[in-house]
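# Residue-level structure breakdown
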Amino acid sequence: MHVGKLTLRIGRPQRIAAVLLFLFLAQCLWVVHRQQLTETDYRFARCGREMWERPSPLAGYFTTCGNMQDGTFAYRVAGLPLSAERIALSATDLFRKPENRLYTAAVNGSTWESRHQLVAIKYLLHLPFIFFALWIAAGLWWVARRLFGNEGGALALALFCFCPQIVRYAVTPNNEILALWGLYGLIYTAIGVAHALQGPRRKWRPRIILITVALGLTACAHLAAAIVGLLWSIVFLLYLAERRRSQAIPILIFASLGSLVLLFLSYSLRPEPFSYIFTGGAALIWISLAGAAHFFTDITNAPITIAAVTAFLLFAGVKRSRYFGNTAPLIVALSLLPLITTQVTSQPWLWAIPFLLTFIAGIFADALETKHRKLFLGLSGGIVLTQALLCFATLPH
C-alpha cells in the first residue's frame, strides 16, 4: 500500500499481529460488556473529571481523592472521555431554546448523577485503558520483531495477548497498565537514543523528545516505575553510547528536567499536590517475591512459566543466546519481579511481563535457527495454544 512517498507493506507478519491484537481487543470488550461499574470505577471517574474540570476547593488538596499519591495519569485517562462528552452535550444545548434543552444541570454533576445523560459510561471509562494495553502490545511486537525476526515478534505478542493478568488490568482503571506501558517504552527508547548517538545529529532530537515524554508520563503513572526506568536508561545509554558518552549525560539531564515539567503539568501547576508526590512515599520500595510467586504459580500462567524456565535454561547453557538483545530484557525483568512498593498499592511484577516476554521471544527465536527447529516450533505452538485456552477459560461467562 502506498501513501504519497510512504510505502506501507502489509505482509503475513503484520496480518498475524493484527489478528492477535483483534483477539486481545475482543477479550477486553467481552469482559467490559459483562462488567458492572464499581465504586472504584466511579472514584477514578470522579477524581479524573475534577482534574480536567474543577480541582478540589479544599486548600492543599488536588482533588477530593487527595493529592494522588498513586499518580495522576490513570485518573486523567479515566476522566477525559467523560469530561469531553459532558462538554459536548452542554455545548449542543446552547444552540437550543431554553425550553427545548435536553440536558439538565445533572450533566454538570457527578458521574453517578449524570449516568442517564452521559452515553456508554462503562465503555468510555474502560476503553482508554484497553487502548494503552493495545499500544504496549503493538510496541512489544515491534521491538521483538525488530530484534528477533517475525517468529520472535509473533511469540511475544501472542503470550502478551493471552496473559490473563494483562487482560484483567487492561479492563479496569488503574495506573499499573500505564506504568507498564511507560516503563517498557522508556527503556527501549533509551536504547534507541544510544544507537542514534552513533548516527547524524539530525536524528537525535526526535528521540530525545521521545525519551523525555516517556519518562514524564511514566512518572505521572507511578514515580517508582519512573525511577527504575531512569536508572536502567542511564545504564543502557552509557553502556551503548561508547564514544558519545559525553553527549549522553546532558540528554539524561534534559530528559529528567523535562519529565519534572510534565509531572508538574499533570498537577495543573499546583505546587502543593506536586510536592506531595515526593514526600508521600510513593517511590519507597522493598524486596518481596510474593507477587512474582503468585504470578508463576498461577495455573493460568503455566505455559508462560514453562517458556520462561526453558528460556532461562537455554540462556544459561547455550553461549550463543547470551548477547545484549536477550540479556537486557532479562536483567530488567529480574530487577522488577522482586520489587514491592511500601506506601502505595502497585504491582511491579506486572511491569516485568513485557520484558520477560521479550526475553522468551529472543531465546526461542535463537533456538528456531538451530537443528532443533521443529522441536522448538512445536513447543512454541503448544505454549501459545495452551496459554490462549487458559486465558479464554478465565473470561466471564
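Heads up: the structure comes first, above all this text.
Residues numbered from 1 in each chain as written. Predicted model: local features only at pLDDT ≥ 70, side-chain atom pairs only at ≥ 80, totals over all residues. Heavy atoms only, no water.

## Focus: the overall build of the chain
Each helix and strand in the chain was counted, giving 16 helices and four strands. Considering the chain as a whole, with its 397 residues, one finds that 51% of them fall into the buried category. In the chain, the share of contacts with a sequence separation of at least 24, taken over all contacts with a separation of at least 6, comes to 77%. When the accessible surface of the chain is split by element, carbon and sulfur atoms take 67% of a total near 19200 Å². (Helix = DSSP H or I, 4+ residues; strand = E, 2+ residues; numbered from the N terminus. Buried < 20%, exposed > 50% of the residue type's maximum accessible area, 1.4 Å probe, protein only. Contact = heavy atoms within 4.5 Å. Areas by Shrake-Rupley, 256 points an atom, 1.4 Å probe, with all protein chains shown as cover.)

## Considering a nonpolar patch on the surface
Together, Ile249, Ile253, Leu257, Leu260 and Phe278 line one region of the surface with nonpolar side chains, adding up to about 460 Å² of accessible area. Of the residues forming the nonpolar patch, the biggest block, four residues, is contributed by helix 9 (residues 245-266). For Ile253, the position within the fold is in helix 9. Here Ile253 falls in the partly exposed class, since its relative accessible area comes to 47%. (Patch = residues over 30% accessible without salt bridge, like charges linked within 9 Å, V, L, I, M, F, W, Y side chains within 5 Å. Salt bridge = Lys/Arg side-chain N within 4 Å of Asp/Glu carboxyl O.)

## Section: helix 6 (residues 176-196)
Counted at 1.5 Å a residue, the expected span for helix 6 with its 21 residues is 30 Å, and the 30 Å between its end C-alpha atoms agrees. The element helix 6 is largely enclosed, with a buried count of 18 among its 21 residues. (Expected span 1.5 Å × (residues − 1).)

## Regarding the pattern of salt bridges
Summed over all chains, the structure comprises four salt bridges. With its nearest N and O atoms 3.1 Å apart, the salt bridge here joins Glu53 to Arg86. Of this pair, Glu53 sits in helix 2 (residues 39-53) while Arg86 sits in helix 3 (residues 73-93), placing them 33 residues apart in sequence. The salt bridge partner of Arg320 is Glu369, with a shortest N-O separation of 3.7 Å. Pair noted here: Arg320 is in the loop between helix 12 (302-317) and helix 13 (324-336) and Glu369 is in the loop between helix 15 (353-367) and helix 16 (373-394), with a separation of 49 residues, a long-range link. By relative accessible area, Arg320 is classed as partly exposed at 44%. For Glu369, a relative accessible area of 60% corresponds to the exposed category. Linked by salt bridges that have partners in common, Arg49, Glu53 and Arg86 make up one network.

## Observations regarding the packing of aromatic side chains
The tally for this structure, following the rule as stated, stands at 24 aromatic pairs. Here the aromatic rings of Phe295 and Phe296 are separated by 5.1 Å at their centres, their planes lie at 80°, and the arrangement is edge-to-face. Residue class for Phe295 comes out buried when judged on its relative accessible area of 2%. Summarising the aromatic geometry, the rings of Phe295 and Trp349 are spaced 5.7 Å apart at their centres and angled 35° between planes, so their arrangement reads as tilted. Of the two residues, Phe295 sits in helix 11 (residues 290-297) while Trp349 sits in helix 14 (residues 348-351), which places them 54 residues apart along the sequence. A single burial state applies to Phe295 and to Trp349, both of which are buried. (Phe/Tyr/Trp six-rings, centres within 6.5 Å; stacked < 30°, edge-to-face > 60°.)

## Some remarks on the packing of helix 8 (residues 223-241) against helix 9
Between helix 8 and helix 9, the shortest axis-to-axis distance is 9 Å and the interhelical angle comes to 160°. In terms of orientation, helix 8 and helix 9 fall into the roughly antiparallel class. Where helix 8 crosses over helix 9, the handedness of that crossing is right-handed. Of the residues in helix 9, those in contact with Leu230, Ile234, Leu237, Leu238, Tyr239 and Ala241 of helix 8 are Arg245, Ala248, Ile249, Leu252 and Ser256. (Axes fitted to C-alpha atoms, helices over the stretch in contact; angles between N-to-C directions. Parallel < 35°, antiparallel > 145°, perpendicular 65-115°, else oblique. Left-handed = near helix turned anticlockwise from the far one by under 90°.)

## A closer look at the nonpolar core
Ranked by internal contacts, the top residues of the largest apolar core, which has 128 residues, are Phe24, Leu178, Leu336, Trp351, Phe355 and Ile360. Ignoring any residue separated from it by four or fewer positions in sequence, one finds Phe24 in contact with Ala133, Leu134, Cys161, Ile166, Val167 and Ala170. (Core = buried A, V, L, I, M, F, W, Y, C linked by side-chain atoms within 4.5 Å.)

## So, the side chain of Lys122
In this structure, Lys122 sits in helix 4 (residues 121-161). Asp41 provides the closest opposite charge to the buried, unpaired Lys122, separated from it by 8.9 Å. At a separation of 3.3 Å, a polar atom in the side chain of Lys122 contacts the main-chain carbonyl oxygen of Val32. Looking at Lys122, its side chain comes within polar contact range of the main-chain oxygen of His33, at 3.1 Å. (Lys, Arg positive; Asp, Glu negative; His and termini not counted. Polar contact = N/O pair within 3.5 Å; in protein donor to acceptor, adjacent residues only side chain to side chain.)

## Here's the deal with helix 10 (residues 271-279)
Since the α-helix advances by 3.6 residues per turn, residues separated by three or four positions end up pointing in the same direction. Within helix 10 the residues assigned to the buried category are Pro273, Phe274 and Ile277. Buried residues in helix 10, looked at end-on, bunch into an arc of 105°, giving them a common side. The elements touched by buried residues of helix 10 are helix 7 (204-221), helix 8 and helix 9. After helix 10 finishes, the residue Gly281 shows a positive phi value of roughly 85°. (Arc of directions from axis to C-beta.)

These figures come from the coordinates and say nothing about function on their own.
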